[in-house]
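Listed here are the chains, written in short residue letters.
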Amino acid sequence: MNPIENDLETARSKRRFVFNMYATARQVFIGLVMVFLDFPAFNLSPLNRAKNAILSRATGAQLASDCLIRSGVRAENWRNISIGNQTYVAHSVTMHAGASIVIGEQSIIGPEVFIASRGHDPQTLHPTQAPVHIGDRVFVGARAVILPGITIGDDAIVGAGAVVARDIPPLAVAVGNPATVLKYKTAARSVWTIA
Ligand SMILES: CC(C)(COP(=O)(O)OP(=O)(O)OC[C@H]1O[C@@H](n2cnc3c(N)ncnc32)[C@H](O)[C@@H]1OP(=O)(O)O)[C@@H](O)C(=O)NCCC(=O)NCCS
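Here the structure is a predicted model, which is why all the values come from computation and not from measurement.

Caption draft 1: Structural detail: helix α1 (residues 3-36). With 34 residues, α1 ought to run about 50 Å at 1.5 Å a step, and its terminal C-alpha atoms sit 49 Å apart, in line with that. Taken across its 34 residues, α1 has 0 buried, putting it largely on the surface.

Caption draft 2: Spotlight on the sheet that holds strand β15 (residues 151-152). Pairing is parallel in the open sheet, where 5 strands are placed in the order β1-β4-β7-β12-β15. Edge positions in the open sheet fall to β1 (62-63) and β15, since each of these has one partner strand only.

Caption draft 3: Structural detail: the pairing of strand β19 (residues 180-184). Where strand β18 (residues 172-175) meets β19, 4 bridges bridge the pair, whose relative direction is antiparallel. When the bridges of β19 are listed, Ala172 appears paired with Tyr184. What sits between β18 and β19 in their antiparallel hairpin is a turn of 4 residues, with Gly176 showing a positive phi close to 95°.

Caption draft 4: Representation of the sheet that holds strand β6 (residues 94-96). Read from one edge of the open sheet, 5 strands run β3-β6-β9-β14-β17, paired in parallel fashion. Across the chains shown, the open sheet's two edge strands, defined by having one partner strand only, are β3 (74-76) and β17 (163-164). Sheet topology note: the strand β9 (residues 114-116)/strand β14 (residues 145-146) ladder contains 2 bridges and is parallel. Paired with Ile115 across the two strands is Ile146, which belongs to β14.

Procedures and definitions
Residues numbered from 1 in each chain as written. Predicted model: local features only at pLDDT ≥ 70, side-chain atom pairs only at ≥ 80, totals over all residues. Helix = DSSP H or I, 4+ residues; strand = E, 2+ residues; numbered from the N terminus. Expected span 1.5 Å × (residues − 1). Buried ≥ 20, exposed ≤ 12 C-beta atoms within 10 Å, placed from the backbone. Pairing = 2+ DSSP bridges.

Everything listed here is a matter of geometry and, on its own, says nothing about what the molecule does.
This is how it looks when you write it as structure tokens:
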């Protein structure tokens, strides 16, 4: 390596180091905010609204004022995440948001659900991204996995443990791996609210 290349490589590795330190500090800060805000009192309105405002500010996510985010929710790239009003995100949900992950209103995301809008090209393993969209009044059962590029229609249900590899139409109840439609709900709209 000639001296110029050497200097360039040193500068690059310094930049990588600074970036990694910044990313780590940010993750630690978000983790601390999450722990602090997990006291039960913060789940009650109007404290929940304050919590969502602080979380939005700290993470860059778009959190509606009346959504409820429980403890242990983790995300990569919070900035790509948007969660609608009256939507409940249960404990230990994980979101890998390489592209946008949009969750509508009055939806329930069950415990330990995994949502990814990033993946890897099967041939080259290069990183890939595709947005995920979860509609309004959707219920995603515990430990379901939602893969990149998926759209889940309004009023649909995803069963516990399902692996959603294809879009789910509105009102469908889908279960299994890969998730397939078991039946359709009637068109009656949910009136569920968090409070
Ligand atoms: C998907 C779900 C809502 C369906 O409920 P349901 O309409 O009452 O369905 P049923 O219990 O009548 O089951 C219908 C069939 O689907 C099967 N089934 C139900 N849920 C399933 C699931 N998650 N995965 C695979 N198969 C499932 C049942 O075994 C049954 O099969 P069969 O007809 O061959 O006997 C429910 O089973 C579920 O997964 N709920 C999630 C609960 C949860 O995650 N709770 C924690 C967060 S609050």
